[in-house]
There are 2 protein chains.
Amino acid sequence: MNAAVITIGKEILIGQITDTNAAFIGQNLTETGLEVVRMITVADTVESIESALKEASEYAGIIISTGGLGPTSDDVTKPALCRYFQTSLALHLPTRDHIQQLLAARNMQMNELNAAQAMLPASAQVLFNQYGTAPGLWFEKEGKYYIFLPGVPFEMKAILLDYLLPELKKRFSLPLILHRTIMTQGLPESYMAERLQDFERQLPPGVSLAYLPSYGGVRLRISASGRNRQELEHLVDGQIQLALKVIQPFVYGYDEESLPEAIGKILRERRLSLSVAESCTGGSIAAAVTSVPGSSEYFKGGIVAYSNEIKEKELLVPAGLIQKHGAVSKEAVMAMAGGILRKFNADLTIAVTGIAGPGGGTPDKPVGTVWIAVGDKSNIVARAFRFGENRERNIYRTTQTALNMLRMLVQGIDIHAVFQGLP
Amino acid sequence: MNAAVITIGKEILIGQITDTNAAFIGQNLTETGLEVVRMITVADTVESIESALKEASEYAGIIISTGGLGPTSDDVTKPALCRYFQTSLALHLPTRDHIQQLLAARNMQMNELNAAQAMLPASAQVLFNQYGTAPGLWFEKEGKYYIFLPGVPFEMKAILLDYLLPELKKRFSLPLILHRTIMTQGLPESYMAERLQDFERQLPPGVSLAYLPSYGGVRLRISASGRNRQELEHLVDGQIQLALKVIQPFVYGYDEESLPEAIGKILRERRLSLSVAESCTGGSIAAAVTSVPGSSEYFKGGIVAYSNEIKEKELLVPAGLIQKHGAVSKEAVMAMAGGILRKFNADLTIAVTGIAGPGGGTPDKPVGTVWIAVGDKSNIVARAFRFGENRERNIYRTTQTALNMLRMLVQGIDIHAVFQGLP
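Let me begin by describing the structure that accompanies this report. Predicted, not measured: the structure shown is a model, and the values here were computed from it.

Digging into the nonpolar core
A general tendency of soluble globular proteins is for nonpolar side chains to be buried together.
No. 1: Of all hydrophobic cores here, the largest spans 70 residues; its most connected members are L220(A), L274(A), F299(A) and I350(A).
No. 2: Broken down by element, this core gets its largest block of residues, eight residues, from helix α16 (residues 391-410) of chain A.
No. 3: Leaving out residues up to four positions away in the same chain, F299(A) has contacts with L274(A), S275(A), V276(A), A286(A), V289(A), T290(A), V304(B) and Y306(B).
No. 4: Among the nonpolar cores identified, the runner-up in size contains 61 residues, and V304(A), Y306(A), L187(B) and M192(B) belong to it.

Right, here's the structure in full:
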């Protein structure tokens, strides 16, 4: 069954806040088996609310709306609902009692604004809001269902999870939709799509594939709908195995796992420690590694050697090496990796040096040129990359690529072979 | 003039990503003097894109859409546009050349998918995308303007800011809206609002104040509308001076300047160098400092000492000190600051040690307890903070607070006095 989400509030339209309510509702409705076909955001005026309801009802059988039910916008929203559903306001006693209790708990007296919140459209079924003064409202009209929730996120979430979703599951026989996401890093989207052409062609009916790119990484979402969870899981798992046949070395995890999380898991399992030596990433690799709770179990620390003086003094890069080969060179990155391994006495290391930009490029080594090394005490692998011109992205892509190379190293993947022929 | 925003992508409808593009576009259109009346999100199917365009055109004269322009098979926007605008795809040579250049810079070959991106609807005006392969498209139909931008945020933002907004300002006689933003750090929003009560009451007609909070920092946006730029600038400048009277020590810059940028400006001006010693922030302070182009002029580097062993060995924290006082203590943070100053021989330093969480807290030092020190060779100032329970926010707030303390130190602000009485 199709669903639409309406969020009401000028603060969303002027970009003062990001609409996280719509995403939360979208995710939960999808997981319940509804298909969200449209999201609409409108200002809190009678006309725009009415027109959004009308519009949404053309595409969806269930319309869920948030916002515009608080005490300050009552005068606009509830009359709009009364007009649309041809009903009028009436005192709802349980709501009045609940408001009174809430206020008493905060040592507050009921004022006119609070009292008005207990006046609700007579034809609505009331959804209890344990955390706030504005309850949810449920209407039926011409075979369509309309649900109005308050805009305060934790109040909305509580009503949705505790009352609305169970009610929807009870009333409708919903198909099951299963999504799984394959997290990849290192293969550009266009190369990925080329490798997966045959895979896409063989997708069974009811199974779909979506590409969700981010800098250098691509998330592949496989979706399937049906009636039986076990069958669906089996179906999707089978499809994932097929996809892996052509992209396996680039897959680091599933279902929104981050690359630092995936690495943390591997290092913890294998009881390996890590230290990093950073130049152009300026601390971003260490920051990514330590974004994971519990990373102190495997991360010893690192050195950000932004100046050549510090590279020599703290990372033990031999005097003269930088002068001879340059700070952005295979020789330099290998020396940095070796230096931090000796100093921090960790099992594994990442070292990077490059030109993040916008300054510092030369015809020979333009902005975006980066050397990355990963290794342990017996073996260090280094590779050069040519990223783009944007500083922020160069730092991010260097960080992700370095972490991905570390993962490949630990998993025994041949890094040079995997990157052969790739940009 | 009314505007509508359409975002295309199933990943938004199913709640897999939060729609930050719509917020960015909403904010920028509003600041340009357009009124955003509706936002619509639809799936990437020809039918839903067409119906969204039709719907949006009923409310708005300018329709801006993002997403669905990528190279993969789930991107169907272009066929939908050909149908809606009754045109067909044609090879756009400048776009093909640009794609070729982008690929060449990354050592990539053009494949079929990339080549297809140069096929554009013939009746569209092309908006150059310097960062990506999918350009923006501009159409006119029955007196309405339709603009399509790629969904990758930084590509969308660049086209919007560099081409689209200037073009809209040129074409339409939009009222002049002047915004200036005061960037503050360190004073919580409720304290800020209390200090600014009198200021808010005296705001002249046509001038408004908005609070745009983020973790620990608050942006104050002062807006004024009128017809004469000089008059508006004079008016807003006067208001800023009034606000500064009560919040000056917390103001680090204006108009979306970042704290690391503000610090970079000060350090460059005064020819001072910086090194950092980080524990709980795990590299985030160094990463923030080096996010600024040209930071190599003043940033020497730093040490991420995640383990106590590294604090002693690399940051010269005396043996026994951590055992006696704990790694999260005034003594430890002062020793870390002194150690990195001696080792890196920089003029200034930041040192931090704390419990980012979720593990590692004790009744005495709960998660969120952080010691921050800033100083130079003659004077080090340390202060304890108690942030929250969320790891990511603790790291971010520690980073921002540490940078802000460094700014105050260099600007001669009495740090202890300024933070007196604050949480």
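Next comes the rest of the description.
Digging into the packing of aromatic side chains
No. 1: Using the criterion set out here, one finds 24 aromatic pairs over all chains in the structure.
No. 2: Considering the side-chain rings of F85(A) and F139(A), the 3.9 Å spacing of their centres and the 0° angle between planes classify their relative orientation as stacked. A residue pair is termed long-range when its members are at least 10 positions apart, and F85(A) in helix α4 (residues 74-85) and F139(A) in strand β7 (residues 136-141) qualify at 54 residues. Of the two residues examined, F85(A) and F139(A), each falls in the buried class.
No. 3: Both rings, one in F385(B) and one in F387(B), keep their centres 5.5 Å apart while their planes meet at 10°; by these two values the pair is stacked. When sorted by exposure, F385(B) lands in the same class as F387(B), which is buried.
No. 4: Three or more aromatic residues link up through ring pairs in this structure, and these residues are Y84(A), F85(A), F139(A), Y146(A) and F148(A).
No. 5: If you follow R38(A) out to its NZ or CZ, it ends over the ring of Y59(A), 3.9 Å from the centre.
No. 6: Directly above the aromatic system of F24(B) lies the positively charged group of K157(B), at a separation of 4.9 Å from the ring centroid.

Here's the deal with the packing of helix α13 (residues 308-315) of chain A against helix α15 (residues 330-344) of chain A
When two helices pack together, their arrangement is given by the angle between their axes and by how far apart the axes lie.
Residue and element names in this part refer to chain A.
No. 1: At their nearest, the axes of α13 and α15 sit 9 Å apart, and the two run at 40° to each other. When the axis of α13 is compared with that of α15, the two are oblique. Contact with α13, carried on its side by K311, K313, E314 and L315, involves A335, M336, G339, I340 and K343 of α15 and no other residues of that element.
No. 2: Considered class by class, the residues forming the contact of α13 with α15 number four nonpolar, one polar and four charged.

Observations concerning the interface of chain A and chain B
No. 1: Counting residues at the interface gives 78 residues for chain A and 78 residues for chain B.
No. 2: Where chain A abuts chain B, roughly 5900 Å² becomes buried across the two surfaces, and 52% of that area is made up of carbon and sulfur atoms.
No. 3: The interface formed by chain A and chain B includes six salt bridges.
No. 4: With a shortest N-O distance of 3.3 Å, E314(A) and K343(B) are connected by a salt bridge.
No. 5: Linking chain A with chain B are 37 residue pairs in polar contact (both at pLDDT 80 or more), by the criterion used here.
No. 6: The residue inventory of the side of chain A that touches chain B, partitioned by class, reads 34 nonpolar, 26 polar and 18 charged.

Regarding a nonpolar patch on the surface
Residues and elements named next belong to chain B.
No. 1: Taken together, the side chains of L89, L91, L93 and M119 present a nonpolar region at the surface, about 320 Å² in accessible area.
No. 2: Inspection of the secondary structure assignment puts M119 in strand β5 (residues 119-121).
No. 3: Residue class for M119 comes out partly exposed when judged on its relative accessible area of 30%.

About the thresholds
- Residues numbered from 1 in each chain as written.
- Chains lettered and ligands numbered in written order.
- Predicted model: local features only at pLDDT ≥ 70, side-chain atom pairs only at ≥ 80, totals over all residues.
- Heavy atoms only, no water.
- Core = buried A, V, L, I, M, F, W, Y, C linked by side-chain atoms within 4.5 Å.
- Buried < 20%, exposed > 50% of the residue type's maximum accessible area, 1.4 Å probe, protein only.
- Helix = DSSP H or I, 4+ residues; strand = E, 2+ residues; numbered from the N terminus.
- Contact = heavy atoms within 4.5 Å.
- Phe/Tyr/Trp six-rings, centres within 6.5 Å; stacked < 30°, edge-to-face > 60°.
- Lys NZ or Arg CZ within 6 Å of the ring centre and 35° of its normal.
- Axes fitted to C-alpha atoms, helices over the stretch in contact; angles between N-to-C directions.
- Parallel < 35°, antiparallel > 145°, perpendicular 65-115°, else oblique.
- Nonpolar A, V, L, I, M, F, W, Y, C, P; charged D, E, K, R; others polar.
- Buried area = accessible area lost by both parts, 1.4 Å probe.
- Salt bridge = Lys/Arg side-chain N within 4 Å of Asp/Glu carboxyl O.
- Polar contact = N/O pair within 3.5 Å; in protein donor to acceptor, adjacent residues only side chain to side chain.
- Patch = residues over 30% accessible without salt bridge, like charges linked within 9 Å, V, L, I, M, F, W, Y side chains within 5 Å.
- Areas by Shrake-Rupley, 256 points an atom, 1.4 Å probe, with all protein chains shown as cover.

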